[in-house]
Amino acid sequence: MEPCEAFDYDILVVGAGGAGLRAVIAAREAGCRVGVVCKSLLGKAHTVMAEGGVAAALGNMVSSDGELEPDGWETHFVDTMKGGAFLNNWRMVEIFAHEAIDRVFELEQYGAVFDRTPEGRIAQRPFGGHKYRRLNHVGDRTGLELIRTVQDKAVGAGMDVHMEVTLVRLLTAGGVVVGALGYHRETGRFVTFRAKAVVLATGGWGRMFRFTSNSWEGTGDGVTLAYEAGAELIDMEMMQFHPTGMIWPPGMRGILVTEGVRGEGGILRNSRGERFMFKPEYMPELYRGQFAESEQEAAGWLDDKKRFRRPPELLPRDVVSRAIYREVKAGNGCEHGGVFLDVSQRGAEYIKAKLPSMYDQFHALGDVDITVEPMEVYPTVHYTMGGIRVDPETAAATVPGLFAAGEVAGGLHGANRLGGNSLSDILVFGRRAGDGAAAWAAGKSLAELDPAQIADGQEQMLKPLGKSGGESPYALHAELQETMQQNAMIAREEAGLKIALDKVRELQKRAEGLAAPGGREYNPGWHATRDLVSMLTVSEIIVLCALERKESRGAQWRIDFPERDDAGWGTKNLVVHRRDGQPAVVESPLPAMPEHLKALFQEH
Ligand SMILES: Cc1cc2nc3c(=O)[nH]c(=O)nc-3n(C[C@H](O)[C@H](O)[C@H](O)COP(=O)(O)OP(=O)(O)OC[C@H]3O[C@@H](n4cnc5c(N)ncnc54)[C@H](O)[C@@H]3O)c2cc1C
């Protein structure tokens, strides 16, 4: 074993996005000594990229009749369950819908400066699948304000931050998580952490697909660490394809176009000029009658949300993504293979005030002025509903000593997440994970780390270094992206998924011979070897689960099983754990929802 730096904490938080930082605040308030590790710099997590807003049912918006919209946690609960196609863990959703309200007010108390209504309340915007205006926002830079605020608060609370450190293994003693091994990205030197509890808040994974809104960090490290440590994963087939990613210019493909554009009146049209979301075949039974049925009605809604119904562009993301896919497949796509999204009718002043980042993004990256011309968009891999299976109350994973919150955890969003629900998720369950970890750590001592596990982790990491003639991680990554994009993206079927599975397994074998020329210092090729191992592990699990679930529900669209099977597949989650070194997929019945919550679906 190579000697390395070592740190001791009560709680080790892995990830400095909103979930990790909110966990830090909670753990510090409980009196714990906390260390935080992040792969990049503090403040550079995905959270900072969030645009549209944070969903919580404050009910701040005034309707045309002068009354406040009658929003409340109950309607947020109903919307989130419906959006998730009822695969969600109802208890997580119940906690979430209640506590999101407190967490947003708390954020304001921490110093977040939200946009305001004329009456001075926090301003809320409409988003897909939310019955009322519910996204509390700061222009289209809500994530930036959220991270600024929780970061200030966490720094004030006191934490040790280890930036540009990648964790590569959780360390266990007698089946309990007691620490972790990582390395400094700059120097390549190893570092170990001992902790009484570890909170994983490492975000989602999209980099195994060619078009994604995720940054280079979205390689699925956290979910892989948990899986390798023996934790159960849930709903891993459920990857969200956001309907509107940039499609042009080619280098910008996948970059997100916030749903806020549609919330502010953006219209989707195909190359024939048709506003295709009005086509009856795109309206799911569950939502029939709840959306505008003519362009006039949709236009009326912009100024009068009480009298008119929402435009169909605001259907949940899975529905809109499938409609765009079908339009393009039917030959109605635009020149670059997407569809048009036009918000120019709102005028330059309004667009620059409400969607400043979108205006800048298209201007700078695509030379498109969205105040006068439409954007070209196509679905992009955006978010992971599945993840580490956790206890709703404490955010504990199924391995003792391990907790998980935010995008890396599964269960809350079911088969499809509603926009804005992630920012409130990371606040609600980030806090619960910090509290849960602190409660677990109370009265415990630090355990001794096992030198054999550390030595093995180091050996695995060092294997590709200095080798010549082996496989390039970049080449293998490109092959992985190609097969996942072609065979496991928005429209799935058995034949394609089997091709993807074979390819992923072939790449796993070839990855044993990965080579990273050069030394450990400043060597991105070496970092890529570890990222690739995580992406291959996660890709295999995604494909296995997608093959297993023989129905279409939420983000899982099986063109060979196009129907939603409520009586069968609708009653169970798929859960994955490691058995003899391989992923084992098992069915797990959904917990039964209590009658008082069932009644909410009649009332809201
Ligand atoms: C462009 C974009 C726009 C979005 N807009 C919205 C929106 O408007 N509303 C909404 O609700 N949601 C939105 N989302 C989703 C939302 O931003 C994310 O789901 C959420 O911020 C995830 O937060 P998190 O704390 O779980 O993880 P992240 O913010 O992704 O943070 C993950 C952290 O883990 C660290 N990490 C990862 N791997 C390792 C490792 N191996 N070792 C050490 N550290 C590691 C990273 O460095 C980072 O600090 C958007 C996402 C994107 C990409």
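As a starting point, this report considers the structure included with it. (Residues numbered from 1 in each chain as written. Predicted model: local features only at pLDDT ≥ 70, side-chain atom pairs only at ≥ 80, totals over all residues. Heavy atoms only, no water.)

Before going further, it helps to spend a moment on the overall build of the chain. If you tally the helices and strands in the chain, you get 17 helices and 18 strands. Principal-axis analysis of the C-alpha atoms gives the chain an extent of 70 × 50 × 50 Å. Every one of the 604 residues in the chain was classed for burial, and the buried ones make up 63%. Across the chain, the fraction of contacts at a sequence separation of at least 24, relative to all contacts at a separation of at least 6, is 74%. Split by element, the accessible area of the chain, about 21500 Å² in all, is 51% carbon and sulfur. In the chain, 67 positive and 82 negative side-chain charges are present, and the distance between their average locations comes to 1 Å. (Helix = DSSP H or I, 4+ residues; strand = E, 2+ residues; numbered from the N terminus. Buried < 20%, exposed > 50% of the residue type's maximum accessible area, 1.4 Å probe, protein only. Contact = heavy atoms within 4.5 Å. Areas by Shrake-Rupley, 256 points an atom, 1.4 Å probe, with all protein chains shown as cover. Lys, Arg positive; Asp, Glu negative; His and termini not counted. Charge placed at Lys NZ, Arg CZ, Asp CG, Glu CD.)

As a further point, take the packing of aromatic side chains. Per the stated rule, a full pass over the model turns up 9 aromatic pairs. Note on Trp 73 and Phe 77: the rings are 6.3 Å apart at their centroids and 75° apart in plane angle, and the pair reads as edge-to-face. Pair noted here: Trp 73 and Phe 77 are both in helix H2 (residues 73-83), with a separation of 4 residues, about one helical turn. We note that Trp 73, like Phe 77, is buried. Measuring from ring centre to ring centre gives 5.5 Å for Tyr 325 and Trp 557, while their planes differ by 90°; the resulting arrangement is edge-to-face. Here Tyr 325, found in helix H8 (residues 317-329), pairs with Trp 557, found in the loop between helix H15 (524-548) and strand E17 (572-579); they are 232 residues apart in sequence, far enough to count as distant. Note on accessibility: Tyr 325 and Trp 557 belong to one class, buried. Taken together, the aromatic side chains of Trp 73, Phe 77, Phe 86 and Phe 601 make up a single cluster linked through ring pairs. (Phe/Tyr/Trp six-rings, centres within 6.5 Å; stacked < 30°, edge-to-face > 60°.)

Of all residues adjacent to the ligand, which total 38 residues, the nearest are Thr 47, Gly 52, Glu 217, Glu 407 and Ser 422. A distance of 2.9 Å separates an oxygen atom of the ligand from a polar atom in the backbone of Ala 16. Leu 423 places a polar main-chain atom, nitrogen or oxygen, 2.8 Å from an oxygen atom of the ligand. Protein burial of the ligand: of its 1000 Å² of free accessible surface, 98% is covered by the chains. Of all the secondary-structure elements, those providing two or more residues to the shell around the ligand are helix H1 (18-29), strand E7 (165-173), strand E14 (375-384) and helix H11 (421-441). (Near = heavy atom within 4 Å. Polar contact = N/O pair within 3.5 Å; in protein donor to acceptor, adjacent residues only side chain to side chain.)

Next up on the list: helix H7 (residues 295-303). Among the residues making up H7, those that are buried are Glu 297, Ala 298, Gly 300 and Trp 301. Seen end-on, H7 carries its buried residues on one side only, within an arc spanning 160°. In H7, the exposed positions that point more than 90 degrees away from the buried face belong to Gln 296 and Asp 303. (Arc of directions from axis to C-beta.)

Right, let's get into the packing of helix H5 (residues 221-228) against H15. How two helices pack is summed up by the angle between their axes together with the distance between the axes. It is the contact of H5 with H15, at a shortest axis distance of 9 Å, that shows an interaxial angle of 70°. Taken as axis vectors, H5 and H15 run roughly perpendicular relative to one another. When H5 is examined against H15, the residues Asp 221, Val 223, Thr 224, Leu 225, Tyr 227 and Glu 228 are found in contact with a partner set consisting of Arg 530, Asp 531, Ser 534, Thr 537, Val 538 and Ile 541. Of the residues contributing to the contact of H5 with H15, the split by class is 5 nonpolar, 3 polar and 4 charged. (Axes fitted to C-alpha atoms, helices over the stretch in contact; angles between N-to-C directions. Parallel < 35°, antiparallel > 145°, perpendicular 65-115°, else oblique. Nonpolar A, V, L, I, M, F, W, Y, C, P; charged D, E, K, R; others polar.)

It is worth spelling out a nonpolar patch on the surface at this point. Where nonpolar side chains cluster on the molecular surface, the patch consists of Leu 41, Val 161 and Met 163 and spans about 220 Å² of accessible area. Tracing the backbone through its elements, the reader meets Val 161 in strand E6 (residues 160-162). (Patch = residues over 30% accessible without salt bridge, like charges linked within 9 Å, V, L, I, M, F, W, Y side chains within 5 Å. Salt bridge = Lys/Arg side-chain N within 4 Å of Asp/Glu carboxyl O.)

Okay, the sheet that holds E17 next. The strand order across the open sheet formed by 4 strands is E15-E10-E17-E18, and the pairing between neighbours is antiparallel. Lying at the two open borders of the sheet, with one neighbouring strand each, are strand E15 (387-388) and strand E18 (582-589). As judged from the 8 bridges shared by E17 and E18, these two strands associate in the antiparallel manner. Among the inter-strand pairings, His 577 is bridged to a residue of E18, identified as Ala 584. Strands strand E10 (233-234), E17 and E18 of the sheet are contacted by H15, whose axis makes an angle of about 40° with E18. (Pairing = 2+ DSSP bridges.)

Most of strand E9 (residues 190-200) is tucked away, with 11 of its 11 residues classed as buried. For strand E1 (residues 5-14) and E9, the ladder comprises 9 bridges, and the chain directions are parallel. Looking at the pairing, Glu 5 lines up with Val 191 of E9. Alignment of strand E8 (residues 176-184) against E9, held across 5 bridges, turns out to be antiparallel. When the sheet's bridge partners are listed, Gly 179 is paired in E9 with Arg 194. The antiparallel hairpin formed by E8 and E9 contains 5 residues in its connecting segment, where Gly 188 sits at a positive phi of about 80°. In this structure, E9 lies alongside strand E16 (residues 402-404), joined through 3 bridges in parallel fashion. Bridge pairing in E16 places Val 199 opposite Phe 403.

Within the structure shown, the criterion is met by 56 salt bridges. The closest approach of N and O atoms between Glu 106 and Arg 103, which form a salt bridge, is 2.9 Å. Note that Glu 106 and Arg 103 are positioned in helix H3 (residues 90-110) at a spacing of 3 residues, about one turn of the helix. Accessibility classification places Glu 106 together with Arg 103 in one group, the buried group.

Moving on, we come to the state of the cysteines. Inspection of every chain in the model, using the stated rule, returns 0 disulfides. The closest cysteine sulfur to the non-disulfide-bonded Cys 32 is located on Cys 38, 20 Å from its own sulfur. Relative accessible area serves as the criterion here: at 7%, Cys 32 is assigned to the buried category. Cysteine Cys 38 shares no disulfide, and the gap to the nearest cysteine sulfur, in Cys 4, comes to 19 Å. Using a relative accessible area of 7% as the deciding quantity, one classes Cys 38 as buried. (Disulfide = S-S within 2.5 Å.)

This part covers the nonpolar core. Ile 11, Leu 12, Phe 77 and Ile 388 are the most contacted members of the largest nonpolar core, which totals 158 residues. Discounting chain neighbours no more than four positions away, the residues touching Leu 12 are Gly 35, Val 37, Leu 167, Ala 180, Phe 193, Ala 195, Ala 197, Val 198 and Val 199. The next biggest cluster of nonpolar side chains, apart from the first, holds 12 residues, and it includes Leu 171, Val 178, Phe 190 and Trp 526. (Core = buried A, V, L, I, M, F, W, Y, C linked by side-chain atoms within 4.5 Å.)

Relative to the assigned elements, Ala 546 resides in helix H15. Ala 546 gets classed as buried once you look at its relative accessible area, which sits at 1%. Sequence-wise, Ala 546 and Gln 556 are 10 residues apart; in three dimensions their C-alpha atoms are separated by 7.2 Å. Sequence-distant contacts of Ala 546, that is, excluding residues within four places in its chain, are made with Glu 237, Arg 492, Leu 497, Gln 556 and Arg 558.

None of the figures reported here should be taken as evidence of function without further support.
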